[in-house]
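# Residue-level structure breakdown
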Amino acid sequence: MKLLFVCISLLASVAARAQTPQAEINKQVWLPFVAAFNNNQTDAFMALHTKDAIRAPRDGKVVWNWDEYYKAQSEGDQQDKKENRKRTLALRFSERISNHNLAVEVGIYKTSYVLADGNTQDFYGRFHVVLRKEKGTWKILVDTDSSEGGHISEKDFLAAQPWE
């Protein structure tokens, strides 16, 4: 009986320590993604992406490889700094599918900009992200988003699930 209790206790403690793929992704990708984006840290932001990354901002009708994505992100970060704009990104999820090394995550983002004059502008969009685990670390492989013609709103954002 003692042995059975020890085995059950051991299994329970191992299970409690094991992270779900979503918890790993939150810690390895989304927390640093939001922090790097909000702080205009291009290198930290791009480090969360695999070198095979594909970025497709669908409203712009473009598809970028990692180098093109880096260039566009860096230019945006520099422009925000130059114009003294502060941005805050928030993410919520409508679908999270994963196995041990691949994941697809769909959700709604809200990006709020505080302009130099103090005015605030909010932007919303639906994102689709494909991630893969490389050497034990989750990386973004595909990142695409769209405002869907301006139809994504605060209502859609609030309807999606928080990730923390």
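Notes on the structure in this doc start here. No experiment lies behind these values; they were computed from the predicted model shown.

Here we take up helix α2 (residues 21-38). Between its first and last C-alpha atoms α2 spans 24 Å; for 18 residues at 1.5 Å apiece the expected length is 26 Å, and the two agree. Of all the bends in α2, the greatest, near 35°, is centred on K27. All buried positions along α2 are accounted for by Q22, E24, I25, N26, V29, W30, F33, V34, A36, F37 and N38. Within two residues after α2, N40 carries a phi angle of roughly 55°, on the positive side.

Put simply, the largest pocket is a space of about 700 Å³. In terms of lining residues, the largest pocket is bounded by 30 residues, among which F37, R55, Y109, Y113 and D145 are the most central. Of the residues assigned to the lining of the largest pocket, the class counts are 17 nonpolar, five polar and eight charged.

Our focus in this paragraph is the environment of T111. Its place among the elements puts T111 in strand β3 (residues 102-114). Residue classification places T111 among the buried residues on the basis of a relative accessible area of 6%. Distance from T111 to R87, taken between C-alpha atoms, is 6.6 Å for residues 24 residues apart in sequence. Here T111 is in contact with F37, R87, T88, L89, Q121, D122 and F123, once residues within four sequence places are set aside.

Counting across every chain of the model gives 13 salt bridges. Across the pair D145 and R55 runs a salt bridge whose closest N-O atoms are separated by 2.6 Å. Highlighted residues: D145 in strand β5 (residues 137-146) and R55 in strand β1 (residues 49-57), separated in sequence by 90 residues. Of the two residues, D145 and R55, both sit in the buried class. Overlapping salt bridges bring together D77, D80, E83, R85 and R87 as one network.

Let's shift gears to the sheet that holds β1. Read across the open sheet, the six strands follow the order β1-β5-β4-β3-β2-β6; overall the sheet is mixed. Edge positions in the sheet fall to β1 and β6 (161-162), since each has one partner strand and no second. Bridging between β3 and strand β4 (residues 120-134) involves 13 bridges; their strand directions are antiparallel. Among the inter-strand pairings, A103 is bridged to a residue of β4, identified as L131. Packed onto the sheet, α2 meets β1, β2 (86-98), β3, β4 and β5 and runs at close to 160° relative to β2.

The tally for this structure, following the rule as stated, stands at 11 aromatic pairs. Following the ring pairs from residue to residue traces out a cluster consisting of W30, F33, F37, F45, W64, Y69, F93 and F127. The ring of F37 has R87 sitting right over it, with the charged end atom 3.9 Å from the ring centre. Residue placement shows R96 over the ring face of F93; its charged tip is 4.2 Å from the ring centre.

Thresholds, definitions, all that
- Residues numbered from 1 in each chain as written.
- Predicted model: local features only at pLDDT ≥ 70, side-chain atom pairs only at ≥ 80, totals over all residues.
- Heavy atoms only, no water.
- Helix = DSSP H or I, 4+ residues; strand = E, 2+ residues; numbered from the N terminus.
- Expected span 1.5 Å × (residues − 1).
- Bend = angle between axes of the 7 residues up to and from the residue.
- Buried < 20%, exposed > 50% of the residue type's maximum accessible area, 1.4 Å probe, protein only.
- 1 Å grid on protein atoms, 1.4 Å probe; cavity = no way out; pocket = protein on both sides within 12 Å on 5 of 7 lines; lining within 4 Å.
- Points joined across faces, edges and corners; volume = space filled by probe spheres on them.
- Nonpolar A, V, L, I, M, F, W, Y, C, P; charged D, E, K, R; others polar.
- Contact = heavy atoms within 4.5 Å.
- Salt bridge = Lys/Arg side-chain N within 4 Å of Asp/Glu carboxyl O.
- Pairing = 2+ DSSP bridges.
- Axes fitted to C-alpha atoms, helices over the stretch in contact; angles between N-to-C directions.
- Phe/Tyr/Trp six-rings, centres within 6.5 Å; stacked < 30°, edge-to-face > 60°.
- Lys NZ or Arg CZ within 6 Å of the ring centre and 35° of its normal.

Read these as spatial facts, not as claims about activity.
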